[in-house]
Amino acid sequence: MNDPLSPQSNDSQKRLLFALALSFAATAVYTFFFAPQPTPPGAEGADAGVVAAAPADAGTAPAVSPEGTAGAGTPAVTAEAAQALPERKVELQRQEVHYAFSSEGAGLAAAVLQGSKMREQQELSLAQGYKKLFGEDIPPAPQMNVAQPVAGQPLPLAVSIEGASPLPANLRYAVTEGAAGSADGVTFTGRSGPWEVVKTLQWPREGFELTYTLQVRNTSGQPQNGELQVHYSRAIDPNFEHAPSFFGGVGNLSRSACWVDDELHTMSPGGDAPEAEDSRGQIHYFGIDQQYFVSALYPLEGPRAGSCTFTATPTARQITAAFPLSVAAGETVTLRFGGYLGPKDPDLLAVVPGPAVRQAAGLGDAAFHPKLENSVDFGIWAVICKVLLAVMKFFYGLTGNWGVAIILLTVVVKLVLLPLTYRSMVSMEEVKKLQPRMEEIRKKHADNREQQNLEIMKLYQEAKVNPLGGCLPLLIQMPVWIALFTALRNSFDIYGEPFIGPIWRDLTYKDPTYLLPLALGVSMVITQKMQPQMMDAAQARIMTWFLPIVFTATLLQYPAGLSLYIFTNNILSIAQQYGLRKWLDRNKPQTGGGTPAVAAAGGRRK
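Just so you know, these numbers come straight off a predicted model, no measurement behind them. (Residues numbered from 1 in each chain as written. Predicted model: local features only at pLDDT ≥ 70, side-chain atom pairs only at ≥ 80, totals over all residues. Heavy atoms only, no water.)

### Quick notes on the overall build of the protein
No. 1: The helix and strand inventory of the protein stands at 15 helices and 17 strands.
No. 2: Every one of the 606 residues in the protein was classed for burial, and the buried ones make up 54%.
No. 3: On the protein, roughly 25600 Å² of surface is accessible, and the fraction owed to carbon and sulfur atoms is 58%. (Helix = DSSP H or I, 4+ residues; strand = E, 2+ residues; numbered from the N terminus. Buried < 20%, exposed > 50% of the residue type's maximum accessible area, 1.4 Å probe, protein only. Areas by Shrake-Rupley, 256 points an atom, 1.4 Å probe, with all protein chains shown as cover.)

Dropping the structure here:
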């Protein structure tokens, strides 16, 4: 499903394509018709390193052992008795993630990722940007909490049962720390009506993965049917997420997500929920897909029949996966899920479930792989994005700085395009020589624009000149710009990575001082002025000033890494144009005054 509000969506890429294509489109129109055209507006084994920090609570009811479950003839514990248990908080701190659980709902109260890059993307105002520029400290964004509960809604990882004998999502559970007698997790046991639910969560020694086992026992003497619902949600702080707009930024809205059958379905605020029929089928995984992070659960044994329900508001994202449940009297049904709550690092996502999880769950090497790496969506630019990222990773390995890696990428692209740039400049110089005859045609057919254009095109054909030759390098650069933009908006490798100084601390976020895009605009004006002018003075002024202003205004809210690339490209273009022009002037034939290309073709063109 194509979500138009997602930074990974085709619409976001189209907005940038429109902005980048503006200069080329106008150049082509002017070249052919010589008149300005209106511009459109623009997430195993025992681990002694896991700390279970749950203080003793004299008022906490003793944990209920799974072996002590009620038999078919034993009266079930009432919901009122279960709710009489006091709420208890359990914290489990690991190197990568700090988890907090609540016994009310037996779900996550927090899952806070650790590390300098594991933060919300910080929004800086213009004033804050200049304060940082002059050395004032601005508090960093908070650590990324991928399981922030939504008020009044089931906790992440909470379960409920719908049907004739419902089980509430906020049921209070007894807690046993150390899953299955070990120190690597936690077990929750709850009873309501005919149901006894045992939830076991375990973590391997390292990483962002977990296993989540649900055991649902029917303690009554009658078969029970219903729908088991697994909930995941995340409260959103609007200060750290915003919708896209043409001049207001590309947006970074997270999405409720569910992969059903062969398609990923998502929902963001303002978007329509997927059709009920589309969200019903074999569920591969479900969770919350954020820009650089993902929180996802998936059936360990492989896709499972069920359905997903989506909710997305400006302050919350929710996803509920429902699975048919049928339990005979006294029997137990077990569902096992794997989980990943962490960054969208393709290297980590590609091996989910990891070796430690497979070992803990008793799965072989051929275990089901939920393809979470597909949540890193480069769209139609995937091939170019992966090539650019590979080149930048190589240079990052050499320099240790992603900004320098982007600059070196620009140099490589310019070198690859150097032969084409040379031919482009030769073509522009040839067109420039036709200017006097073109002016004569314009004067001769001043009242007949159609005849004027026909005569000019005939002149191009006679001189064997391609008027668009000068635009070809720009046209080829556009896919590179769009692919780089897409990579910056989806690659966790570059997220939160600095260039230099106190302000360019995140190449995937805009320059808060706007100095870089403004410098880009100035360099674009210089580049336009150095190019051979193929238009009259009025049209040349529009091309020289108007297009750079619109282009700069568009890029003010775009990632600083993209501005850095285009600015570097402009600087290299200025040097390239200066050097090539000097070389062309030195190599002109002594007679005829043509360029080397003309001389090689047999002399002066008529």
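### Concerning the nonpolar core
No. 1: In terms of nonpolar packing, the biggest core is built from 112 residues, with Phe101, Tyr212, Phe286 and Met392 touching the most fellow members.
No. 2: The element contributing the most residues to this core is helix α11 (residues 472–488), with eight residues.
No. 3: Once you skip the residues sitting within four places of it in the chain, Met392 turns out to touch Trp402, Ala405, Ile406, Leu409, Leu484 and Ile494.
No. 4: Val431, Ile441, Leu459 and Ala463 belong to the second-largest nonpolar core, a separate cluster that totals nine residues. (Core = buried A, V, L, I, M, F, W, Y, C linked by side-chain atoms within 4.5 Å. Contact = heavy atoms within 4.5 Å.)

### Observations concerning the layout of surface pockets
No. 1: Quantified by volume, the largest pocket comes out at close to 580 Å³.
No. 2: Class assignment of the residues belonging to the lining of the largest pocket gives a composition of twelve nonpolar, four polar and ten charged. (1 Å grid on protein atoms, 1.4 Å probe; cavity = no way out; pocket = protein on both sides within 12 Å on 5 of 7 lines; lining within 4 Å. Points joined across faces, edges and corners; volume = space filled by probe spheres on them. Nonpolar A, V, L, I, M, F, W, Y, C, P; charged D, E, K, R; others polar.)

### What about empty space enclosed by the protein?
Think of a ball as big as a water molecule: rolled over the atoms, this probe shows where empty space is left.
No. 1: Put simply, the second largest cavity is a space of about 120 Å³.
No. 2: Around the second largest cavity sit 13 residues that line it, and Glu120, Met144, Asn252, Gln290 and Gln291 are the ones nearest its centre.
No. 3: The class makeup of the residues in the lining of the second largest cavity is five nonpolar, five polar and three charged.

### Structural notes on helix α12 (residues 515–530)
No. 1: Its 16 residues give α12 an end-to-end C-alpha distance of 23 Å, which sits within 8% of 22 Å, the value for a rise of 1.5 Å per residue.
No. 2: If you check which residues of α12 are buried, you get Leu516, Pro517, Leu520, Gly521, Ser523, Met524, Val525, Thr527, Gln528 and Met530. (Expected span 1.5 Å × (residues − 1).)

### Details of the state of the cysteines
No. 1: By the definition in use, this model includes one disulfide.
No. 2: Two residues, Cys258 and Cys308, share a disulfide whose sulfurs are 2.0 Å apart. Disulfide Cys258-Cys308: the torsion about the S-S bond is 55°, which places it as right-handed. Remark: Cys308 occurs in strand β15 (residues 304–313) and Cys258 occurs in strand β11 (residues 255–260); sequence separation between them is 50 residues. Cys308 shares its class with Cys258; the two are buried. (Disulfide = S-S within 2.5 Å.)

### Concerning a negative patch on the surface
No. 1: On the surface, a cluster of negative charge is made up of Asp261, Asp262, Glu263, Asp272, Glu275, Glu277 and Asp278.
No. 2: Looking at the secondary structure, you find Asp272 in the loop between β12 (263–267) and β13 (280–289). (Patch = residues over 30% accessible without salt bridge, like charges linked within 9 Å, V, L, I, M, F, W, Y side chains within 5 Å. Salt bridge = Lys/Arg side-chain N within 4 Å of Asp/Glu carboxyl O. Lys, Arg positive; Asp, Glu negative; His and termini not counted. Charge placed at Lys NZ, Arg CZ, Asp CG, Glu CD.)

### A short note on the side chain of Glu241
No. 1: Along the chain, the position of Glu241 falls in the loop between β10 (224–235) and β11.
No. 2: Reaching out from Glu241, the side chain makes a polar contact with the side chain of Ser254 at a distance of 3.0 Å.
No. 3: Here the side chain of Glu241 touches Arg317 through a polar contact of 3.0 Å, side chain to side chain. (Polar contact = N/O pair within 3.5 Å; in protein donor to acceptor, adjacent residues only side chain to side chain.)

### Describing the packing of α12 against helix α14 (residues 560–586)
No. 1: Where α12 meets α14, the closest approach of the two axes is 9 Å, and the angle between their N-to-C directions is 25°. As far as their axial angle goes, α14 and α12 are roughly parallel. Along this stretch, α12 crosses α14, giving a crossing that reads as left-handed. Of the residues in α14, those in contact with Leu516, Pro517, Ala519, Leu520, Ser523, Met524, Ile526, Thr527 and Met530 of α12 are Ala560, Ser563, Leu564, Ile566, Phe567, Asn570, Ile571, Ser573, Ile574, Gln577, Tyr578 and Arg581.
No. 2: For the contact of α12 with α14, the class distribution of residues is 14 nonpolar, six polar and one charged. (Axes fitted to C-alpha atoms, helices over the stretch in contact; angles between N-to-C directions. Parallel < 35°, antiparallel > 145°, perpendicular 65-115°, else oblique. Left-handed = near helix turned anticlockwise from the far one by under 90°.)

### Remarks on the side chain of Gln121
No. 1: Tracing the sequence through the fold places Gln121 in the loop between β4 (107–113) and α3 (126–133).
No. 2: There is a polar contact of 3.1 Å between the side chain of Gln121 and the side chain of Thr508.

### Describing the packing of aromatic side chains
No. 1: For the coordinates displayed, the defined rule picks out 18 aromatic pairs.
No. 2: Measuring from centroid to centroid gives 6.4 Å for Tyr99 and Phe101, while their planes differ by 25°, and the two rings are stacked.
No. 3: Tyr99 sits in the buried class, given a relative accessible area of 2%.
No. 4: A connected cluster of aromatic rings, assembled from ring pairs, spans Tyr99, Phe101, Phe188 and Trp203.
No. 5: Residue placement shows Lys117 over the ring face of Phe492; its charged tip is 4.4 Å from the ring centre. (Phe/Tyr/Trp six-rings, centres within 6.5 Å; stacked < 30°, edge-to-face > 60°. Lys NZ or Arg CZ within 6 Å of the ring centre and 35° of its normal.)

### Looking at a nonpolar patch on the surface
No. 1: A cluster of nonpolar residues, Val383, Ile384 and Val387, forms a patch on the protein surface that exposes about 250 Å² of accessible area.
No. 2: On the accessibility criterion, Val383 (64% relative accessible area) is exposed.

### Thoughts on the confidence of the model for the protein
Interpreting fine coordinate detail is not advised for predicted regions of low pLDDT.
No. 1: Per-residue confidence for the protein gives a mean pLDDT of 80; residues scoring 70 or more make up 79%.
No. 2: In this model residues 1–9 is a low-confidence stretch, pLDDT under 50, and it forms 39 contacts with partners more than four residues away in sequence or in other chains.
No. 3: Considering only residues more than four positions removed or in separate chains, one finds that residues 26–77, a stretch of pLDDT under 50, has 126 contacts. (pLDDT = per-residue confidence, 0-100.)

### Things to note about the pattern of salt bridges
No. 1: Taken as a whole and assessed by the stated rule, the structure comprises 14 salt bridges.
No. 2: Of the charged contacts in the structure, one is a salt bridge between Glu241 and Arg317, with a shortest N-O distance of 3.0 Å. Pair noted here: Glu241 is in the loop between β10 and β11 and Arg317 is in strand β16 (residues 316–327), with a separation of 76 residues, a long-range link.
No. 3: For Glu241, a relative accessible area of 10% corresponds to the buried category.
No. 4: Connected via shared salt-bridge partners are Glu120, Arg234, Glu241 and Arg317.

### Overview of helix α9 (residues 435–444)
No. 1: Among all positions of α9, only Gln435, Met438, Ile441 and Arg442 are buried. The buried residues of α9 occupy an angular sector of 115° when the element is viewed end-on, so they sit on one face. Looking at α9, the residues exposed on the side facing more than 90 degrees away from the buried face are Pro436, Glu440, Lys443 and Lys444.
No. 2: In this structure, the buried residues of α9 make contact with α8 (418–433) and α10 (449–463). (Arc of directions from axis to C-beta.)

### So, the environment of Leu516
No. 1: Within the secondary structure, Leu516 is located in helix α12.
No. 2: Residue classification places Leu516 among the buried positions, given a relative accessible area of 7%.
No. 3: Residues Leu516 and Leu556 lie 40 residues apart in sequence; the distance between their C-alpha atoms is 8.7 Å.
No. 4: Dropping the residues within four chain positions of it, Leu516 is found in contact with Trp504, Asp511, Ala560, Ser563, Leu564 and Phe567.

### Here's the deal with the pairing of β15
No. 1: As defined by bridge partners, β13 adjoins β15 across four bridges and the pair is classed as antiparallel. For Gly281, the partnering residue across the bridge sits in β15 and is Gly306.
No. 2: Bridging between β15 and β16 involves seven bridges; their strand directions are antiparallel. Across the sheet, residue Phe310 finds its bridge partner in β16, namely Ile319.
No. 3: Linking β15 to β16, which pair antiparallel, is a turn of two residues. (Pairing = 2+ DSSP bridges.)

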